Amino acid sequence: MIGSLLTDALVARGAEFSVMLRPGASGDRIASKPGATSTEGDFDDPASLRRALEGVDRAFLLTNSSERTEAQQIAFVEAAQAQGVGHVVYLSQLAADKRSPVRFLRYHGAVEAALTNSTVDCTFVRPNLILQAYLPFAPAIAHGLMQAPIGDAVVSVVDARDIAAVAAAALTEPGHVGKTYTVTGPQAVSHADIAAALGDAIGQSVRFESLPPKEFIAVLTAAGMPQWQAEGLAEDYAHYDRGEAGAVSRDVEQVTGTSARSVHDFANDYADAFQSAGAGG
């Protein structure tokens, strides 16, 4: 999701760049983009990472979330250092900390430390809860129900397009080395507020229901999410529910010159995705 949006943001800036694709993946969708080329790389194959990074001056680091993420991302840092990459922009997470009770925040903290201790310059992009994460739940939302293990706590949710815009600026402009950007939306909202905004956009009532964490994990795993990731998402939500993710930052505006998108902007722009999910039953 963010990689695709970043690709579009770099094209819009007229940048020349290469996209690393999984082995066997088609580069056709990249070939048609001005300034873009593709190469192969496997995060579990350090030699392939070194080949992919040959001649690269700046890189953006993002992987799928899995039990292997920390090891894969640290392998990338090591490959970047070996190949003399000058600058890595790393997609981390708000409140990243190696000592966190949240597994995702722990591995982000460990990778940030690896970058800090390497010879590679770095920029950390730390987004809060991403609004596009609700798109997989569009069928339920389109039928009037949004569920999560959180009460009334507010979260400064962010649009993935703003994350991509900050990353694109950090990759293509001077002055971002050594910076940590806290990427949030313009206001902190409750999940009832998010449900209401989505309901307004699609023209029907959407009710928010707070679920116990165990039920939430069961819903996610029944939908095909791996157990490890579902448990990690429940830990994320416990972090939100403790009121630890409500701060609002102006970093999006300061880095990009454009105000961060609101939950209403997201709901209106993605209304068709939610409505079509509902039409599918």
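Structure shown above.
What counts as what
Numbering of residues starts from 1 in each chain and follows the order in which that chain's sequence is written. Confidence filtering applies because this is a predicted model: local features only for residues at pLDDT of at least 70, side-chain atom pairs given and counted only at 80 or more, and all residues used for totals across whole chains, interfaces and linings. Each side-chain value is derived from all of the structure's non-hydrogen atoms; neither hydrogens nor water enter the calculation. Type-normalised accessible area, obtained with a 1.4 Å probe on protein chains alone, sets the label of each residue: buried when under 20%, exposed when over 50%, and partly exposed for intermediate values. Working definition: helices are DSSP H or I runs of at least four residues, strands are E runs of at least two. Numbering for both runs from the N terminus. Along the arc lie the directions from the helix axis toward the C-beta atoms. Contacts are residue-level and defined by heavy atoms, with any inter-residue pair within 4.5 Å sufficient. The salt bridge criterion pairs a side-chain nitrogen of Lys or Arg with a carboxyl oxygen of Asp or Glu, the two atoms within 4 Å.

Quick notes on helix α1 (residues 2-12)
Then comes step 1: Turning to α1, its buried residues are Ile2, Leu6, Thr7, Ala9 and Leu10. Buried positions in α1, seen along its axis, are confined to an arc of 165° and lie on one side of it.
Then comes step 2: Those residues of α1 that are buried are in contact with β1 (17-21), β3 (58-61), β4 (87-91) and α7 (160-172).
Then comes step 3: Just beyond α1, the residue with positive phi is Gly14, at close to 75°.

Focus: the pattern of salt bridges
Note on pairing: side chains with opposite charge can pair once their charged atoms come close.
Then comes step 1: Under the defined criterion, the tally for this structure stands at 14 salt bridges.
Then comes step 2: In this structure, the salt-bridge partner of Arg103 is Glu231, at a minimum N-O distance of 3.6 Å. Here Glu231 lies in helix α10 (residues 227-241) and Arg103 lies in helix α5 (residues 103-116), a separation of 128 residues in the sequence.
Then comes step 3: On the basis of relative accessible area, Glu231 is assigned to the partly exposed category, the value being 27%.
Then comes step 4: Among the salt bridges present, the one from Arg103 reaches Glu235, with a minimum N-O distance of 2.7 Å. Placement of the pair is Arg103 in helix α5 and Glu235 in helix α10, with a sequence separation of 132 residues.
Then comes step 5: Through salt bridges with shared partners, a single ionic network connects Arg103, Glu231 and Glu235.

A short note on the environment of Pro101
Then comes step 1: Among the secondary structure elements, Pro101 is positioned in the loop between β4 and α5.
Then comes step 2: Accessibility expressed as a relative area gives 58% for Pro101, which makes it exposed.
Then comes step 3: For the pair Pro101 and Glu235, spaced 134 residues apart in the sequence, the C-alpha separation amounts to 7.7 Å.
Then comes step 4: The residues touching Pro101, leaving out its near neighbours within four places in the chain, are Arg106, Glu235 and Arg242.

Note that every value here comes from positions in space, so none of it alone points to a role or purpose.
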